[in-house]
Amino acid sequence: MRIVWGSVLFFLFMGVMVSPALGNDVGDRIKTSLRYRTIYDSNIYRVRDKEQLNELYTGKDQLYDYIHNISVGVNVEYPVSKQKLDFTYKKDFTFFSHYSSEDYQEEEISGGISLKLLDRITGRLYGGHQRKAQSRADYRSGERVLHDTDTAGGFLDYRYIWGWGIRGGYVRKEHSYSIDRYRSQERVTEDFSGSIYYSPYSVYKLFFKFLNKDIDYVDETSLRDNTERSVSGGIDYKVTGKLILSLDAGYKWKRYDELEGKDYDGAMWGVGVDYYITSKLLASGRMDRDIREGIFLDQIYSELDSWDVSFSYYITDKINTKIGGGKKRYSYKKGVNSLPSIEERKDDIWNASVQFLYLPVEFISISLSYFYNSRDSNFDKYVFDAHQVGVAITFIY
């Protein structure tokens with residue numbers, strides 16, 4: 001706890017003492033934040049019932065727990081002529097009232113420079129490190145799994161006359177995990193992307209994208225090195241002052257270097273709608289289809305169909321609410337050499353949420369939230385229901 005409160009005091013010192021020392025406009029350049037959040041979670045380990053909890057985790061005696069989170073951070077922006085430097089640091093401390101062995105810390109460090117070269121060329125160079133806790137819905141080991149990601153990349157954008165433009169980018173990510181059991185998942189990805197877009201007016205934008213992703217696993221015995229390529233195109237269209245529509249479609253290919261019969265490909269598409277029913281009430285909805293790697297027994301990828309809807313109501317300048325919900329269906333698929341005796345797995349994941357936000361003064365926000373998450377599966381051991389109720393207070397200076 002000394003580390004936690006030491007970090008809190010340090011970031012408060014940064015906001016209160018450093019900003020005035022650097023000038024009157026630094027309030028727009030340096031922001032420090034502090035948030036305290038308490039959550040009741042009805043199903044910490046995302047299991048079917050208490051019987052399954054006892055089977056999977058020795059010594060665990062209850063499904064629910066109270067989670068306490070302290071988050072501190074600082075964001076710095078500094079303009080240099082037409083360029084802009086930025087840096088962000090965030091640290092999260094999470095504690096469990098009953099299951100103290102589940103306590104963990106998360107961290108995010110990022111920085112970069114936004115470039116403006118001549119009048120038509122813009123770009124960005126960036127990098128960072130992130131440590132995040134994996135969701136308990138994704139694994140069934142006793143230890144908490146922390147996922148580290150180191151990122152470096154950049155892009156250049158050239159906007160031509162009459163609304164035409166091109167963009168090229170590169171991103172490298174190194175993924176590692178906190179426990180030995182997940183060493184086989186450690187990998188390096190390199191993304192090479194390019195796009196052409198046409199946006200002569202502010203009401204619509206046409207685009208075409210290409211992505212090549214090389215994925216190399218650190219464990220050479222995994223035989224999972226592969227290349228993923230995709231092409232897609234679409235339109236973002238402001239139909240009226242109240243209605244915004246987005247459409248996109250494409251195709252994806254995955255090719256493994258050594259796993260014969262595991263290659264796959266398929267179509268992907270998405271439809272999104274934002275509609276302002278009134279000036280204070282926004283309705284949003286989206287449907288998507290994708291394919292992605294998802295290993296289960298001899299099944300190596302899944303088709304993902306999803307939809308979600310939400311309503312945001314801005315009651316006043318200081319009070320707003322949001323209600324939403326959706327569903328994801330993961331349909332795992334077999335490869336050419338898969339065993340016919342094993343049933344293909346299908347998961348339906350439902351979610352719903354209600355959020356309330358109140359801003360009593362400019363630098364303080366208070367939020368209340370409820371989240372529901374459930375998974376239904378034709379493999380009974382992956383079924384669960386979970387409810388979360390939370391309250392949080394945030395200071396930004």
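Higher on the page you've got the structure.
Residues numbered from 1 in each chain as written. Predicted model: local features only at pLDDT ≥ 70, side-chain atom pairs only at ≥ 80, totals over all residues. Heavy atoms only, no water.

### Some remarks on the nonpolar core
Considering soluble globular proteins, one finds that nonpolar side chains tend to be buried as a cluster. Note the following rule: Put simply, a nonpolar core is a bunch of buried Ala, Val, Leu, Ile, Met, Phe, Trp, Tyr and Cys residues held in one set by side-chain atoms that sit within 4.5 Å of each other. When accessible area is computed with a 1.4 Å probe and restricted to protein chains, residues below 20% of their type maximum are described as buried, those above 50% as exposed, and intermediate ones as partly exposed. Here a residue-residue contact requires only that any non-hydrogen atoms of the pair lie within 4.5 Å.
Among the nonpolar cores identified, the biggest contains 12 residues, and these are Ile-39, Ile-44, Tyr-45, Val-47, Leu-53, Tyr-57, Ile-67, Phe-96, Tyr-99, Tyr-104, Ala-133 and Leu-146. Residue contacts for Ile-44: discarding those within four places in its chain leaves Leu-63, Tyr-64, Asp-65, Ile-67, Phe-96 and Arg-136. Core analysis: the next-biggest nonpolar cluster, separate from the first, contains 6 residues, Leu-304, Tyr-330, Tyr-332 and Ile-349 among them.

### Some details on the packing of aromatic side chains
Counted only if it meets this: Pairing of aromatic rings covers Phe, Tyr and the six-membered ring of Trp, with a centre-to-centre limit of 6.5 Å; geometry is then stacked below 30 degrees between planes, edge-to-face above 60, and tilted otherwise. Numbering of helices and strands starts at the N terminus; helices are DSSP runs of H or I of at least 4 residues and strands are runs of E of at least 2. Any Lys NZ or Arg CZ that is within 6 Å of a ring centre and within 35 degrees of that ring's normal is treated as a charge sitting over the ring.
For the structure shown, the criterion picks out 19 aromatic pairs. For the pair Tyr-139 and Tyr-182, a centre-to-centre distance of 6.1 Å together with 80° between the ring planes defines the contact as edge-to-face. Linking Tyr-139 in the loop between strand E5 (121-133) and strand E6 (146-159) with Tyr-182 in the loop between strand E7 (164-177) and strand E8 (187-198), this pair joins segments that are 43 residues apart in sequence. The burial state of Tyr-139 is the same as that of Tyr-182; both residues are buried. Where Tyr-264 meets Tyr-301, the ring centres are 4.2 Å apart and the plane angle is 10°; that geometry is what we call stacked. Residue Tyr-264 is found in strand E12 (residues 264-276), and its partner Tyr-301 is found in strand E14 (residues 299-314); the two are separated by 37 residues along the sequence. For Tyr-301, a relative accessible area of 13% puts it in the buried group. Taken together, Phe-296, Tyr-332, Phe-379 and Tyr-382 form an aromatic cluster joined through their ring pairs. One cation-aromatic arrangement involves Lys-205 over Tyr-197; the distance from NZ or CZ to the ring centre is 4.7 Å.

### What to know about the side chain of Ser-195
The topology assignment puts Ser-195 in strand E8. Those residues in contact with Ser-195 that sit more than four places away from it in its chain are Gly-165, Ile-166, Arg-167, Phe-208 and Lys-209.

### Comments concerning the pattern of salt bridges
Basically, it comes down to this: Salt bridges are counted wherever a side-chain nitrogen of Lys or Arg sits within 4 Å of a carboxyl oxygen of Asp or Glu.
Across all of its chains, the model carries 30 salt bridges by this definition. Asp-148 serves as the salt-bridge partner of Arg-131, at 2.7 Å between the closest nitrogen and oxygen. Taken together, the positions of Arg-131 in strand E5 and Asp-148 in strand E6 put the pair 17 residues apart, joining distant regions of the chain. On the accessibility criterion, Asp-148 (8% relative accessible area) is buried. Across the pair Lys-254 and Glu-228 runs a salt bridge whose closest N-O atoms are separated by 3.1 Å. Placement of the pair is Lys-254 in strand E11 (residues 243-256) and Glu-228 in strand E10 (residues 226-238), with a sequence separation of 26 residues. The class of Lys-254 is buried, set by a relative accessible area of 2%. We classify Glu-228 as buried; its relative accessible area is 11%. Beyond isolated ion pairs, a larger network of salt bridges with shared partners links Glu-228, Lys-252, Lys-254, Asp-290 and Arg-292.

### As for a positive patch on the surface
Just so we agree on the cut-off: Two distance rules govern patches: like charges are joined within 9 Å, and nonpolar side chains (Val, Leu, Ile, Met, Phe, Trp, Tyr) within 5 Å, applied only to residues with over 30% relative accessible area and no salt bridge. All accessible-area figures derive from a Shrake-Rupley calculation using a 1.4 Å probe, and residue coverage is judged against the displayed protein chains alone. Counting rule for charge: Lys and Arg are taken as positive, Asp and Glu as negative, and neither His nor the chain ends is counted. Think of each charge as sitting on NZ of Lys, CZ of Arg, CG of Asp or CD of Glu.
A cluster of basic side chains, namely Arg-120, Arg-159, Lys-205 and Lys-209, defines a positive patch on the protein surface. Following the sequence through the fold, Lys-209 ends up in strand E9 (residues 204-217). By relative accessible area, which is 43% here, Lys-209 ends up partly exposed.

### Concerning the pairing of strand E15 (residues 319-334)
Rules: Two strands form a pair only when DSSP identifies at least two bridges running between them.
The pairing of E14 with E15 spans 15 bridges and is classified as antiparallel. For Val-309, the partnering residue across the bridge sits in E15 and is Gly-325. As paired strands, E15 and strand E16 (residues 346-361) are joined by 13 bridges and run antiparallel to one another. Paired with Lys-328 across the bridge in E16 is Ile-349.

### Considerations on the pairing of E8
Where E7 lies against E8, 12 bridges are found, and the strand directions are antiparallel. Bridge pairing in E8 places Gly-168 opposite Gly-194. Direction of pairing for E8 relative to E9: antiparallel, over a ladder of 12 bridges. Bridging from a neighbouring strand, Ile-196 pairs with Phe-208 of E9. Between E8 and E9, which pair antiparallel in sequence order, lie 5 residues.

### With respect to the environment of Val-309
On the secondary structure map, Val-309 appears in strand E14. When the C-alpha atoms of Val-309 and Leu-56 are compared, they prove to be 35 Å apart, with 253 residues separating the residues in sequence. Discounting residues that sit within four places of it in the chain, Val-309 has contacts with Ser-284, Gly-285, Ile-323, Gly-324 and Gly-325.

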